Amino acid sequence: MRPIRLPEPPGGLSAVPEIFEGGLYGAIRRVVVIGNGFAGAENQSIGLVRALGLSGRQSLYRVTRPRGGINEWLHWLPVSLHKKLEYLMWRICGERRFEVIVKGKKVMPLSVETSGLSDVLEADAKHIAKMARETFEKDGPLLVVASGRDTISISSSIKCLAPDNVFVVQIQHPRSHLNRFDMVITPFHDYYPLTPHAQKQIPRFLRRWITPREPPGKNVILTVGALHQADSAALRNAASAWYDELAPLPKPLLVVNVGGPTRNCPYGKDLAMNLAGMLQNVLWSCGSVRISFSRRTPEKVSKILVREFSTNPKVFIWDGEGPNPHMGHLAWADAFVITADSEACLCNWC
């Protein structure tokens, strides 16, 4: 890998990406969004569709993995192989399934959890490609927008099966074979390993294992952060919708978004205690504080923060019941404290 200088993201914002200007954009009248069941990924796809003015013309499909029990250890497998292995285990174990013991505790039986996504169709590349081919003459090309690792095989297969009938946008870097997609949208920092500064930090023997290995091609769009739905219109609507609850609060209003653990961002009691201590230090300067937890926030973390602040009259802690206040917080808050995991930082709150 040779060090490169990455192009700067464009300073101005156009109504639509350059590649959509002209005939193709005018011809696009329908969109298939392929999600993976995680709001952090799906919000990026939906945000792009919204920015293109196609929100009312989208259909949502999902690539879902088996969940529960031993499946939690198999997320590193390609999703198709994961499903085949789960089916094989089901055949072997029958209706009893099986249980495993970890650290003396019983883990849930295989695939006992339900995904709660039964109202969304499972993404099937052959079905979507067939639909794109059969309706092309009547409805024009199909825009396919996918985000997340588990969607890569589906979106690339759709492009392979119906190359002249679809335009495929893959959000988040696929790590290899970018020519499988018409467009790849990925954060600027994904190409940091190719910069001169990063090259000095990476041992030479490791460089061949780090992706991406090539500079961004013509079909790669670099963004400063993640795509999202929080545009000016959405914030105006949220400001109006949350006016009665948030406008009267004493200012300044500090919003604290607590996410959940990732591979590079573990969550434990130490993090909760450090966060509680820092908030105590700035509490005097705040008129109001509102704390929100993600669905991925560990209970041991939320319990510590609830214990520390639940009796403070300045602090409101959202318990997950009722409408999610995230958009209202974005519209009304004067300052934010955000945990370091990407879901919290990049406005993909769930």
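Everything numeric in this text was worked out from a predicted model, so none of it was measured.

**Some remarks on the nonpolar core**
Phase 1 of the analysis: Counting residues in hydrophobic clusters, the biggest one holds 26 residues, and the most contacted among them are Ile34, Ile128, Leu142, Val144, Ile154, Ile158 and Val166.
Phase 2 of the analysis: Per-element tally for this core: the top contributor is helix α4 (residues 125-134), with 4 residues.
Phase 3 of the analysis: Cys286, Leu305, Val315 and Ile317 belong to the second-largest nonpolar core, a separate cluster that totals 20 residues.

**A word on the packing of helix α10 (residues 269-282) against helix α11 (residues 299-309)**
Phase 1 of the analysis: With their axes 8 Å apart at the nearest point, α10 and α11 run at an angle of 30 degrees to one another. With respect to α11, the axis of α10 lies roughly parallel. The handedness of the crossing between α10 and α11 comes out as right-handed. Of α11, the residues touching α10 (which contributes Lys269, Ala272, Met273, Leu275, Ala276, Leu279 and Gln280) are Lys300, Val301, Ile304, Leu305, Arg307, Glu308 and Phe309.
Phase 2 of the analysis: Here the contact of α10 with α11 is built from residues that sort into 9 nonpolar, 1 polar and 4 charged.

**Observations regarding the sheet that holds strand β5 (residues 121-122)**
Phase 1 of the analysis: Strand order in the open sheet made by the 7 strands is β5-β2-β1-β6-β7-β8-β9, with parallel pairing throughout. Looking along the sheet, the strands with just one partner apiece sit at the ends: β5 and β9 (220-223).
Phase 2 of the analysis: Judged from the 6 bridges that link them, strand β6 (residues 142-147) and strand β7 (residues 166-171) form a sheet pairing that is parallel. Note on β7: the bridge partner recorded for Leu142 is Val166.
Phase 3 of the analysis: Each of β1 (31-35), β2 (58-62), β6, β7 and β8 (183-187) is contacted by helix α2 (residues 39-51), which is oriented at about 150 degrees to β6, the strand it contacts most.

**Some thoughts on the sheet that holds strand β11 (residues 288-293)**
Phase 1 of the analysis: Read from one edge to the other, the open sheet built from 4 strands follows the order β12-β11-β10-β13, with strand pairing classed as parallel. In the strand order of this sheet, the two ends are held by β12 (315-317) and β13 (335-338), each with one partner. The sheet shows a mean angle of 20 degrees between the axes of neighbouring strands, taken without regard to direction.
Phase 2 of the analysis: With 6 bridges connecting them, strand β10 (residues 253-258) and β11 associate as parallel partners. The partner of Val258 across the bridge, within β11, is Phe293.

**A few points about helix α6 (residues 152-161)**
For the α-helix, the turn length of 3.6 residues means that residues three or four positions removed from each other point alike.
Phase 1 of the analysis: Buried residues of α6: Ile152, Ile154, Ser155, Ser156, Ile158 and Lys159, and no others.
Phase 2 of the analysis: Next to the buried residues of α6 lie β1, α4, β6 and β7.

**Brief notes about the environment of Trp332**
Phase 1 of the analysis: Within the secondary structure layout, Trp332 lies in helix α12 (residues 326-332).
Phase 2 of the analysis: For the pair formed by Trp332 and Ser240, sequence separation is 92 residues and the distance between their alpha carbons is 10.0 Å.
Phase 3 of the analysis: Ignoring anything within four residues of it in the chain, the contact list for Trp332 reads Ala238, Ala239, Trp242, Tyr243, Leu246, Ala247, Lys251 and Leu253.
Phase 4 of the analysis: At a separation of 3.1 Å, a polar atom in the side chain of Trp332 contacts the main-chain carbonyl oxygen of Ala239.

So, how was this worked out
Residues numbered from 1 in each chain as written. Predicted model: local features only at pLDDT ≥ 70, side-chain atom pairs only at ≥ 80, totals over all residues. Heavy atoms only, no water. Core = buried A, V, L, I, M, F, W, Y, C linked by side-chain atoms within 4.5 Å. Buried < 20%, exposed > 50% of the residue type's maximum accessible area, 1.4 Å probe, protein only. Helix = DSSP H or I, 4+ residues; strand = E, 2+ residues; numbered from the N terminus. Axes fitted to C-alpha atoms, helices over the stretch in contact; angles between N-to-C directions. Parallel < 35°, antiparallel > 145°, perpendicular 65-115°, else oblique. Left-handed = near helix turned anticlockwise from the far one by under 90°. Contact = heavy atoms within 4.5 Å. Nonpolar A, V, L, I, M, F, W, Y, C, P; charged D, E, K, R; others polar. Pairing = 2+ DSSP bridges. Polar contact = N/O pair within 3.5 Å; in protein donor to acceptor, adjacent residues only side chain to side chain.

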